[in-house]
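# A look at the structure
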Amino acid sequence: MVNEGIILDPTENTSFEVFADADFAGNWKSQTAMDDPSTAKSRTGFVITYAARPILWASKLQTCISLSTTEAEYVVLLQSFRDTIPIMQLLQN
């Protein structure tokens, strides 16, 4: 028996969970902000789990510049849902 890789045990809980977070302008530096506007972008991270097992995760800079922590959190939430909904539809078919 090979004990390598992700082992999915059947469980009662076969639901999706999304854990998302954003770091508002986490790598902003006043010295280089005029030359490199990408330092104002927030970092996005999320994990999508199914049956308590991770199936998709990501950590990247947001494509837009958020003006507040709340806006950065909404952006990561929307991005994670854009990735979750097609997976849910695939499992329904």
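For the structure itself, look to the data block above.
All figures in this text were calculated on a predicted structure; none of them were measured in a lab. (Residues numbered from 1 in each chain as written. Predicted model: local features only at pLDDT ≥ 70, side-chain atom pairs only at ≥ 80, totals over all residues. Heavy atoms only, no water.)

## What about a nonpolar patch on the surface?
Judged by side-chain polarity, Tyr74, Leu77, Phe81 and Ile85 come together as a nonpolar surface patch covering roughly 390 Å² of accessible area. The exposed category is assigned to Tyr74, whose relative accessible area is 53%. (Patch = residues over 30% accessible without salt bridge, like charges linked within 9 Å, V, L, I, M, F, W, Y side chains within 5 Å. Areas by Shrake-Rupley, 256 points an atom, 1.4 Å probe, with all protein chains shown as cover. Salt bridge = Lys/Arg side-chain N within 4 Å of Asp/Glu carboxyl O. Buried < 20%, exposed > 50% of the residue type's maximum accessible area, 1.4 Å probe, protein only.)

## What to know about the packing of aromatic side chains
Applying the stated criterion across every chain, the model contains 1 aromatic pair. Aromatic pair Phe16 and Tyr50: ring centres 4.9 Å apart, planes at 45°, arrangement tilted. Of this pair, Phe16 sits in strand E1 (residues 16-23) while Tyr50 sits in strand E2 (residues 43-50), placing them 34 residues apart in sequence. By relative accessible area, which is 22% here, Phe16 ends up partly exposed. Accessibility expressed as a relative area gives 28% for Tyr50, which makes it partly exposed. (Phe/Tyr/Trp six-rings, centres within 6.5 Å; stacked < 30°, edge-to-face > 60°. Helix = DSSP H or I, 4+ residues; strand = E, 2+ residues; numbered from the N terminus.)

## Comments concerning helix H1 (residues 69-92)
Since one α-helical turn is 3.6 residues long, residues separated by three or four positions face the same way. Taking 1.5 Å as the rise per residue, H1 with 24 residues should run 34 Å; its terminal C-alpha atoms sit 35 Å apart, in good agreement. Among all positions of H1, only Ala72, Val76, Ser80 and Thr84 are buried. Buried positions along H1 lie against E1 and E2. (Expected span 1.5 Å × (residues − 1). Contact = heavy atoms within 4.5 Å.)

## A look at the pairing of strand E3 (residues 53-61)
Along a regular strand, successive side chains alternate from one face of the sheet to the other. Pairing geometry for E2 and E3, over 8 bridges, is antiparallel. Residue Thr49 lies in a different strand from E3, and its bridge partner there is Pro54. Linking E2 back to E3 in an antiparallel pair, the connection comprises 2 residues, with Ala51 at a positive phi of about 55°. (Pairing = 2+ DSSP bridges.)

## Regarding the sheet that holds E2
As summarised here, the arrangement of the 3 strands in space is E1-E2-E3, forming an open sheet in which the pairing is antiparallel. Pairing within the sheet leaves two strands with one partner each, and these edge strands are E1 and E3. Averaged over all adjacent pairs, the angle separating strand axes in this sheet is 10°, with direction ignored. Two elements, E1 and E2, share 8 bridges in a ladder whose sense is antiparallel. Of the residues in E2, the one forming a bridge with Phe19 is Val47. Running at roughly 155° to E1, H1 makes contact with E1, E2 and E3 of the sheet. (Axes fitted to C-alpha atoms, helices over the stretch in contact; angles between N-to-C directions.)

## Some points on the nonpolar core
Grouped together as the largest cluster of nonpolar side chains are 5 residues: Ala22, Phe46, Ile48, Ala72 and Val76. If you list the elements that add at least two residues to this core, you get E2 and H1. Those residues in contact with Ala72, other than ones at most four positions away along the chain, are Ala22, Phe24, Ser42, Gln62 and Ser66. (Core = buried A, V, L, I, M, F, W, Y, C linked by side-chain atoms within 4.5 Å.)

## Looking at the environment of Asp23
Note on placement: Asp23 falls in strand E1. Remark: the alpha-carbon pair of Asp23 and Gln62, spanning 39 residues in sequence, is separated by 9.9 Å. Residues contacting Asp23, with those up to four places away along its chain left out, are Ser42 and Arg43.

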